[in-house]
Amino acid sequence: MFKFLQYRARAAAYGELARSSPGKDDTRKFEKLQDSLASRADNEQVLADQYVDAVNAGGTERLRGAALAAEEERVLRCLGAAVIMQWNSLPTTLQREIFDTAGSVGTLLDTAALRGQIARFLHKHRHDTDPSRI
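Rules behind the numbers
Residues numbered from 1 in each chain as written. Predicted model: local features only at pLDDT ≥ 70, side-chain atom pairs only at ≥ 80, totals over all residues. Heavy atoms only, no water. Core = buried A, V, L, I, M, F, W, Y, C linked by side-chain atoms within 4.5 Å. Buried < 20%, exposed > 50% of the residue type's maximum accessible area, 1.4 Å probe, protein only. Helix = DSSP H or I, 4+ residues; strand = E, 2+ residues; numbered from the N terminus. Contact = heavy atoms within 4.5 Å.

Caption draft 1: Examining the nonpolar core more closely. Among the nonpolar cores identified, the biggest contains five residues, and these are Phe4, Tyr7, Ala11, Leu37 and Ala41. Those elements giving two or more residues to this core turn out to be helix 1 (3-20) and helix 2 (24-85). Considering every element that reaches this core, the biggest residue donor is helix 1, with three residues.

Caption draft 2: Region of interest: the environment of Tyr14. In this structure, Tyr14 sits in helix 1. As for Tyr14 and Phe30, which are separated by 16 residues in sequence, their C-alpha atoms are 5.4 Å apart. Setting aside residues no more than four positions away along its own chain, Tyr14 makes contact with Phe30, Leu33, Gln34 and Leu37.

In structure tokens:
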């Protein structure tokens, strides 16, 4: 059972004791306990609701983040394909800059391997977009 439900049940019990108590001092004491437990119940319910909202929001944010990552990956693939299709028409200095930048995107340990993969790819496909430069 949730804590706020327990507090509400105890507050209701103190409310009954306050209504059935013979003396004013006892009535005030029970009413004070009832108010205190009702306040705790309200606080616990707010915390429980906020917890549920926070847990559910995290799932939504993860889904939104995954969708954005997939969209960004698609955009990057399209941009990369466009650069490769125009590679032979780019000035050599720009080709070198793009190659250096792309080769440094990976982690430090993978940089050499990545640069090798990029170089092999470019060499293999260097005539794909411009057959006149065979």
